[in-house]
Amino acid sequence: MATRTLPKTDVVIVGGGWTGLTAAYELAHAGQRCVVLERGQNRHTATSFAGPEEHDELKYALRHGHMQDLKKETLTFRNNRDQQALPMRRLGSFLPGTGLGGAGIHWNGQIWRPLPSDLEMRSHYEDRYGSQFIPDDLTIQDWGVTYDELEPHLDFFERICGAAGYAGNLNGETRAGGNVFEGQRSADYPNPAMKQPISNTLFGKAAEKLGYNPFPMPSANVTQAYENPYGAQLHPCTYCGFCERFGCGYFAKADPIICVYDRIKDHDNFEIRFEAQVLRVEKSEDGQTATGVTYLGEDGVEVFQPADTVCLNAYGLWNVHLMLVSDLGKPYDPATRTGVVGRNYAYQTVAAVDAFFDSDVITNPFMGAGALGVVVDDFNGDNFDHAELGFLGGGYIACKQYNGRPISYQPTPEGTPAWGGDWKRAVRENYNHHGDLVIHGSSVSTHENYLDLDPTWTDAYGRPLLRMTFNFPDNDRKMGDYVMNRAVEIAQEMDNVTSVSSVNMAAKGKDYSIVPYQTTHNAGGAVMGTDPTTSVVNRFGQMWDHHNVFVFGACLFPQNPGYNPTGPLMGLAYWTLDHMKTDYLSNPRPLMDA
Ligand SMILES: Cc1cc2nc3c(=O)[nH]c(=O)nc-3n(C[C@H](O)[C@H](O)[C@H](O)COP(=O)(O)OP(=O)(O)OC[C@H]3O[C@@H](n4cnc5c(N)ncnc54)[C@H](O)[C@@H]3O)c2cc1C
Ligand code: SF4
């Protein structure tokens, strides 16, 4: 029982990242009194992320200064149901955020849209390849929302971020130099694409020679002075190389503090409480609706915040955890394959290719940015013929220059010893002559990859930890190899390249590990859809079982497309908020029949 009960608010929002602050902005302007509860601390782009202090690689990139404190809250992990899951005591494979702005502070700023076929994955593959094409062990499904429905919302988020790029499909007209595979855009990017360094340029030339379609990576590292639709001012990127894992004190990387929070913080309908750890969502006596949330305040006292509407914006994994500890929705049981909360957890399938140049190519890797890359999308989604390949999905191949930081950036060719004099020599000889390619691939959902509550371990608040059961599906291992081999071919075609090496994180025989960083793109677990037996929320992000609970984030994805998630999940956030404002709030009820 909470010790203190506060006056009721219209909307309580759990989490102050991209999705939470955006929900508060939109709903406060729609006349709703919004209370945001953020477990982390207050901070500000202008004062908290300024160089040179912010450019401390040890503190922020390696010791995870901006990220979640695992001593309070973590998860347990295992590869399959036969194993005993153990707590994740150090951050590694993914780096969830905490504090104002969430992980939107230390993200890279790669801002993507899904392909139209990504959103209708099951029906698309069945239509193109026949109903037998999808193996029985895959639980991929359609999202319940189409690209055309999401397009205005994807476009709006790009304008909020001042996205930089070059449209490949403008109002149905295909344009060379952009992503010719993308869905139709109603407008070009608000800002021109980033300037590319030599390695990325050579990659683009080689890809073109092989008949592919290179284009600049869409970027929320802004390229010129820009004012977003909320009135936020962004400045041009300096290519300082301290994007990923760091905040941007230059106001050049779009983040939720400058783009959203500063524009809403003084609104009468907006309130945010920091160090407010939400412990559970409370339900009405009949169990049909939520009545608010209970949180632990900074004084250590449990507080009940009643609300008409509850928005879960705590990051995908923690949204699922809150549902499970609050008994919201039916938990997924892999033995019977029934239930939905925790079902279809998916990740991202990553591989890397290193290209080493001769001494004529000087790359200056210390000049970089989180979304500085040249990309080919020819092997992403269903942009290529899968008929004879034995897998679904794909990934984009990017040559990128994010940073050349001293501790982590030490590329050496295959065969170099891992330490000692020869290693040092190889680092010195190759630091300035390296092309960095990544394969960023999709992750299909299966019956055996899921989230539930751990029967053994608890967090600092006495709640069972979230348990993650995950290994790479065979489908994704094959897909990763196939796309990686295409990337190797491009690397070998690049001018002045002397050697190429590659590694597939999902190679056959290699179990998924939570130790090396891969991506913070945890998806699924509270998926959207049109069938309550296979989805937690309906196509509007509203829980089937509790109509006044709305869910945001990548937990909604029924499987993970090949792209980074923030563009798609923010498109979905604006879609949900639009339906809340225009349809739900004036007449609260289920927006779809179960
Ligand atoms: C290093 C890194 C690089 C990335 N780069 C990219 C990229 O280039 N492109 C891309 O698309 N995506 C990228 N991402 C992913 C991106 O950061 C996330 O998709 C995005 O931040 C999700 O927004 P969110 O609002 O769902 O969650 P978050 O940003 O995680 O915000 C959730 C907030 O909720 C708070 N919270 C959680 N639980 C509770 C609770 N119980 N009570 C109160 N508050 C709570 C957290 O403290 C946090 O502030 C990257 C992530 C990382 C870590
Ligand atoms: S590279 Fe650009 S966007 Fe990234 S932190 Fe530096 S100035 Fe900011």
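Note that the coordinates shown come from a computational prediction; the quantities given were computed from them, not determined experimentally. (Residues numbered from 1 in each chain as written. Chains lettered and ligands numbered in written order. Predicted model: local features only at pLDDT ≥ 70, side-chain atom pairs only at ≥ 80, totals over all residues. Heavy atoms only, no water.)

Quick word on the overall build of the protein chain
Next up, step 1: Tallying secondary structure elements over the protein chain gives 11 helices and 22 strands in all.
Next up, step 2: At 23 Å, the protein chain has a C-alpha radius of gyration in line with the 25 Å of a compact globule built from 594 residues.
Next up, step 3: Each principal axis of the C-alpha atoms in the protein chain carries an extent, and together these give about 70 × 55 × 50 Å.
Next up, step 4: Expressed as a percentage of its 594 residues, the buried residues of the protein chain come to 62%.
Next up, step 5: Summarising the internal contacts of the protein chain: among those between residues at least 6 apart in sequence, 75% fall at separations of at least 24.
Next up, step 6: Within the structure as shown, the protein chain displays about 21,700 Å² of accessible surface, and the carbon and sulfur contribution to it stands at 48%.
Next up, step 7: Between the averaged position of the 47 positive side-chain charges in the protein chain and that of its 71 negative side-chain charges there is a distance of 5 Å. (Helix = DSSP H or I, 4+ residues; strand = E, 2+ residues; numbered from the N terminus. Rg over C-alpha atoms; globule rule 2.2 N^0.38 Å. Buried < 20%, exposed > 50% of the residue type's maximum accessible area, 1.4 Å probe, protein only. Contact = heavy atoms within 4.5 Å. Areas by Shrake-Rupley, 256 points an atom, 1.4 Å probe, with all protein chains shown as cover. Lys, Arg positive; Asp, Glu negative; His and termini not counted. Charge placed at Lys NZ, Arg CZ, Asp CG, Glu CD.)

Points about the pattern of salt bridges
Next up, step 1: Overall, the coordinates contain 36 salt bridges when judged by the stated rule.
Next up, step 2: Between R39 and E73 there is a salt bridge; the shortest N-O distance is 2.9 Å. Linking R39 in the loop between β3 (34-37) and α2 (45-48) with E73 in the loop between α3 (57-62) and β4 (75-78), this pair joins segments that are 34 residues apart in sequence.
Next up, step 3: The exposure class of E73 is buried, given its relative accessible area of 5%.
Next up, step 4: R463 serves as the salt-bridge partner of D459, at 2.9 Å between the closest nitrogen and oxygen.
Next up, step 5: Residue classification places D459 among the buried residues on the basis of a relative accessible area of 8%.
Next up, step 6: Salt bridges sharing partners connect three or more residues here, namely R113, E151, D155, E158, R159, E182 and R185. (Salt bridge = Lys/Arg side-chain N within 4 Å of Asp/Glu carboxyl O.)

Focus on the pairing of strand β18 (residues 434-441)
Along a regular strand, successive side chains alternate from one face of the sheet to the other.
Next up, step 1: Of all eight residues making up β18, eight are buried, and the element is well covered by its neighbours.
Next up, step 2: Burial along β18 is two-sided: H434, D436, V438 and H440 and G435, L437, I439 and G441, pointing in opposite directions, are all buried.
Next up, step 3: Where strand β15 (residues 349-357) meets β18, eight bridges bridge the pair, whose relative direction is antiparallel. Pairing of A355 across the sheet is with G435, part of β18.
Next up, step 4: As paired strands, strand β17 (residues 395-400) and β18 are joined by six bridges and run antiparallel to one another. Paired with I397 across the bridge in β18 is I439. (Pairing = 2+ DSSP bridges.)

Concerning the sheet that holds strand β19 (residues 450-458)
Next up, step 1: One open sheet accounts for four strands, arranged β5-β4-β20-β19; its pairing is mixed. Pairing within the sheet leaves two strands with one partner each, and these edge strands are β5 (86-87) and β19.
Next up, step 2: Summarising the sheet, β4 and β5 pair through two bridges and their orientation is antiparallel. In the strand pairing of β5, T76 is matched with P87.
Next up, step 3: Of the strands in this sheet, β4, β19 and β20 (464-469) touch helix α8 (residues 316-326), which is tilted by about 125° from β20. (Axes fitted to C-alpha atoms, helices over the stretch in contact; angles between N-to-C directions.)

A look at empty space enclosed by the protein
Next up, step 1: Applying the stated criterion to the full structure yields six cavities of 30 Å³ or more.
Next up, step 2: The calculated volume of the largest cavity comes to roughly 80 Å³.
Next up, step 3: Of the residues in the lining of the largest cavity, the class split is nine nonpolar, two polar and three charged.
Next up, step 4: Within this model, the second largest cavity holds a volume of roughly 60 Å³.
Next up, step 5: Lining the second largest cavity we find C237, T238, Y239, C240, F242, C243, C248, Y250, A252 and K253.
Next up, step 6: Residues of the lining of the second largest cavity, tallied by class, amount to eight nonpolar, one polar and one charged. (1 Å grid on protein atoms, 1.4 Å probe; cavity = no way out; pocket = protein on both sides within 12 Å on 5 of 7 lines; lining within 4 Å. Points joined across faces, edges and corners; volume = space filled by probe spheres on them. Nonpolar A, V, L, I, M, F, W, Y, C, P; charged D, E, K, R; others polar.)

Remarks on the packing of helix α5 (residues 147-161) against helix α11 (residues 566-584)
Next up, step 1: Contact geometry of α5 with α11 gives a least axis separation of 8 Å together with a crossing angle of 115°. If you check the angle between α5 and α11, you find them roughly perpendicular. Crossing angle aside, the handedness with which α5 passes α11 is right-handed. Residue-level inspection shows E149, L150, H153, L154, F156, F157 and I160 of α5 in contact with α11, the latter providing T566, G567, P568, M570, G571, L572, Y574, W575 and D578.
Next up, step 2: For the contact of α5 with α11, the class distribution of residues is 10 nonpolar, four polar and two charged. (Parallel < 35°, antiparallel > 145°, perpendicular 65-115°, else oblique. Left-handed = near helix turned anticlockwise from the far one by under 90°.)

Details of the layout of surface pockets
A water-sized probe, rolled over the atoms, reveals where empty space remains.
Next up, step 1: Taken as a whole, the second largest pocket encloses approximately 650 Å³ of empty space.
Next up, step 2: Lining the second largest pocket we find 28 residues, and of these R39, G40, D69, K72 and T98 sit closest to its centre.
Next up, step 3: Here the lining of the second largest pocket is composed, by residue class, of six nonpolar, 11 polar and 11 charged.

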